[in-house]
Amino acid sequence: MGVSKPTSHKSIETKWVFQNKFDESGIIVRNMAILVAKGYYQEEGIDYDETYTPVARLEAIRLLLAFAYIKDFILFQMDVKNVFLNGYIEEEIYVDQPPGFFDYEHLNHDYKLKKALYGLKQTPRSWYERLRNFLIVQSFVRGQVDKTLFIKRSNNKLLVVQIYVDDIIFGATNEILCKEFSNSMQKEFEMSMMGELNFFLGLQVKQMKKGTFLCQTKYCT
């Protein structure tokens, strides 16, 4: 149910965005309807402060592929569902009632956000901060140069996690670490397990056996 917002706050409009999600072959695998806030109405210093969030570079992904080859382990991939809805926001933000879902008994009410919403300027950062904090609690160490790389060491065993917004690549020198990481992520977030890594950022990767990669893309040789 909506609330009456203070007169000192404005309400941000919302809209629906419809998208198709494709697999590596260009086939539509999902139709999505996403409620999006019109973030261009936000004012810096009032509706948001910091918006920067680190994003993995293609070079970092290629280095991870090379590292997995050297250390002889398989890379896996998972996807966070509705990723930006997982972040928490600190600002007091109100949005309009979604188009087509009006409460006709309380048309003057708005919705006060507790979590982030697609379209808000601080949404990507709030998601990254929540995931970062969760991984650190799980004994991961964040990379000093690449802030999207997280490493966990346990009894001379190594687990490596690379983050690209809602896509997560991970692998370990021990399969038990992979299973533990997968289980912990599924308990905390709604995840789609995609199995072994085979397509990522335009890279088509074939892991023919442990430590052997065939990479097909204009970026690979």
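Every chain begins its residue count from 1, and numbering advances along the sequence as written. With the structure being a predicted model, the display of local features is reserved for residues of pLDDT at least 70 and the display and counting of side-chain atom pairs for 80 or more, all residues being used for whole-chain, interface and lining totals. Heavy atoms throughout the structure, all of them, feed into the side-chain values; hydrogens and water do not.

Novice: Quick rundown of the sheet that holds strand β1 (residues 11-12)? Include the residues and the values.
Specialist: Strand pairing in a sheet relies on backbone hydrogen bonds, with the paired strands running either antiparallel or parallel. At least two DSSP bridges between two strands are required for those strands to pair. By definition, any uninterrupted DSSP run of H or I lasting at least four residues is a helix, any uninterrupted run of E lasting at least two residues is a strand, and each is numbered from the N terminus. Overall, mixed pairing links the 3 strands, which are arranged β1-β5-β6 in an open sheet. Because the sheet does not close on itself, it has two edges, and the strands there are β1 and β6 (111-112). Bridge count between strand β5 (residues 94-95) and β6: 2 bridges; the pairing is antiparallel. Directly across from valine 95, in β6, lies its bridge partner tyrosine 111.

Novice: Please provide a residue-by-residue account of the packing of helix α2 (residues 123-137) against helix α3 (residues 175-188), values included.
Specialist: To obtain each axis, a line is fitted to C-alpha atoms, and for helices this fit is confined to the stretch in contact; angles are then taken between N-to-C directions over 0 to 180 degrees. Two numbers describe how α2 lies on α3: the axes approach to 12 Å, and their chain directions differ by 135°. One element, α2, and the other, α3, form an angle in the oblique class. Taken as a pair, α2 and α3 cross one another with a handedness that is right-handed. Contacts between α2 and α3 involve Arg130, Leu131, Phe134 and Leu135 from the former and Phe181, Ser184, Met185 and Glu188 from the latter. All residues other than Ala, Val, Leu, Ile, Met, Phe, Trp, Tyr, Cys, Pro, Asp, Glu, Lys and Arg, Gly among them, are scored as polar; the first ten of these are nonpolar and the last four charged. Partitioning the contact of α2 with α3 into residue classes produces 5 nonpolar, 1 polar and 2 charged. Under this scheme an angle from 65 to 115 degrees is roughly perpendicular, one under 35 degrees roughly parallel, and one over 145 degrees roughly antiparallel; angles in between are oblique. Put simply, a crossing is left-handed when the front helix is turned counterclockwise from the back one by less than a right angle, and right-handed when it is turned clockwise. Between two residues, a contact is recorded if the distance between any of their heavy atoms is within 4.5 Å.

Novice: Give me the layout of surface pockets: which residues, what numbers.
Specialist: One number sums up the size of the largest pocket: a volume of about 950 Å³. Grid points spaced at 1 Å over the protein atoms alone were grouped into cavities, where a 1.4 Å probe fits but cannot get out, and pockets, open sets with protein on both sides within 12 Å along at least five of seven lines, with lining residues defined by an atom within 4 Å of a point. Taken together, 37 residues line the largest pocket, and the ones lying closest to its centre are Lys21, Arg30, Met32, Asp79 and Asp166. Every element with two or more residues in the lining of the largest pocket is listed here: β2 (14-22), β3 (28-37), β4 (75-80), β11 (191-196) and β12 (199-200). Of the residues forming the lining of the largest pocket, the biggest block, 6 residues, is contributed by β3. Of the pockets and cavities examined, the second largest pocket occupies roughly 350 Å³. The element contributing the most residues to the lining of the second largest pocket is helix α1 (residues 58-71), with 5 residues. In terms of residue class, the lining of the second largest pocket is made up of 12 nonpolar, 2 polar and 4 charged. Grid points are joined across faces, edges and corners, and a volume is the space filled by probe spheres set on the points.

Novice: Lay out the nonpolar core with the relevant residues and their values.
Specialist: Burial of nonpolar side chains together is a common tendency in soluble globular proteins. The biggest cluster of nonpolar side chains holds 26 residues, and the ones touching the most others in it are Leu135, Val161, Ile168, Phe181 and Met185. No other element matches α2, which puts 5 residues into this core. Other than its neighbours up to four places away in sequence, valine 161 contacts Phe140, Thr148, Leu149, Phe150, Ile168, Ile169, Phe170 and Phe181. Definition of nonpolar core: a set of buried residues of the types Ala, Val, Leu, Ile, Met, Phe, Trp, Tyr and Cys, connected through side-chain atoms within 4.5 Å. For every residue, the accessible area obtained with a 1.4 Å probe (protein chains only) is divided by the maximum for its type, and the residue is called buried under 20%, exposed over 50%, and partly exposed between those limits.

Novice: Just give me the short version of the environment of glutamate 175, but keep the residues and values in it.
Specialist: Relative to the helices and strands, glutamate 175 resides in helix α3. You can call glutamate 175 exposed: its relative accessible area is 53%. Sequence separation of glutamate 175 and isoleucine 74 is 101 residues, and the distance between their C-alpha atoms is 9.0 Å.

Structural measurements only, silent on function.
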